[in-house]
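The primary structure of each chain is shown beneath.
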Amino acid sequence: MASRQGPWNGREPAPIDIQPGNLGDLREIMRIMETAFPKTYGEGWNHHQCRSMLSMPSAKLLIARTYNTVCGFVISRQAADEEELLMIAVSPDHQRQGVGHCLLEHMLLTARSDDVSSVFLEMRANNPAAKLYAEFGFHQIGLRKDYYTGPNKEKFDAITYKATFAD
């Protein structure tokens, strides 16, 4: 179990505990999924998609808790020495408090201990999480033009990122 004091917002930081999760956490994951992703872009998964992914042997789930309340999660999957970050979400009530940072940090530490050499992710071009990914060494390696449709049918590119562990 990882633990870190969350920062920011001028409040007393809450402790953030990161632990492996399982299908028993699906109800809480879906609660966060429904509130953390704007419906506009269609990025959140439904219950069936989430259950299917978490049932795969290569899938990994990490759960963030603060004061025994699930406040975020990350889902990834590993193939050989590569890992793909599929989904990371933080409850709106806990955003900008270090939860996403802790989840990503723990996911990358776990990947490295599992002999992963590279981690990949894909996200919408105007996603503010790009700053977080850059902090952890992710850099752009690909682009899918007009992949996402947003408000008023506006198109957004999907950007593929990669982080490589130095030996």
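Residues numbered from 1 in each chain as written. Predicted model: local features only at pLDDT ≥ 70, side-chain atom pairs only at ≥ 80, totals over all residues. Heavy atoms only, no water.

Novice: Residues and numbers for the environment of glutamate 122, please.
Specialist: Summarising the element assignment, glutamate 122 is placed in strand E6 (residues 118-124). C-alpha separation for the pair glutamate 122 and arginine 144, spaced 22 residues apart in sequence, amounts to 9.5 Å. Aside from chain neighbours lying at most four places away, what touches glutamate 122 is Arg144, Tyr147, Ala158, Ile159 and Thr160. Reaching out from glutamate 122, the side chain makes a polar contact with the side chain of arginine 144 at a distance of 3.3 Å. Within the structure, the side chain of glutamate 122 is placed 3.3 Å from the side chain of threonine 160, a separation counted as a polar contact. (Helix = DSSP H or I, 4+ residues; strand = E, 2+ residues; numbered from the N terminus. Contact = heavy atoms within 4.5 Å. Polar contact = N/O pair within 3.5 Å; in protein donor to acceptor, adjacent residues only side chain to side chain.)

Novice: I'd like a rundown of the nonpolar core, residues and numbers included.
Specialist: Counting residues in each nonpolar core, the largest one holds 27 residues, and the members touching the most others are Leu85, Leu103, Leu104, Met107, Val119, Tyr133 and Phe138. Going through the elements one at a time, strand E2 (15-20), strand E3 (59-66), strand E4 (69-79), strand E5 (82-90), helix H3 (99-113), E6, helix H4 (130-135) and strand E8 (155-164) are the ones with two or more residues in this core. Sort the elements by how many residues they give to this core and H3 lands first, with 7 residues. Leave out the neighbours within four places in its chain, and tyrosine 133 touches Leu85, Ile88, Leu104, Leu121, Met123 and Phe138. Counting residues in each nonpolar core, the second largest holds 20 residues, with Met30, Phe37, Leu54 and Ile63 among its members. (Core = buried A, V, L, I, M, F, W, Y, C linked by side-chain atoms within 4.5 Å. Buried < 20%, exposed > 50% of the residue type's maximum accessible area, 1.4 Å probe, protein only.)

Novice: Can you tell me about the pattern of salt bridges, naming the residues and giving the values?
Specialist: For side chains bearing opposite charge, pairing can occur when the charged atoms are close. On inspection of all chains with the given rule, the structure shows 8 salt bridges. The partner of arginine 65 in a salt bridge is aspartate 25, with the nearest N and O atoms 3.4 Å apart. Here the residue arginine 65 occupies a position in strand E3, and aspartate 25 occupies one in the loop between E2 and helix H1 (26-36), the gap between them amounting to 40 residues. (Salt bridge = Lys/Arg side-chain N within 4 Å of Asp/Glu carboxyl O.)

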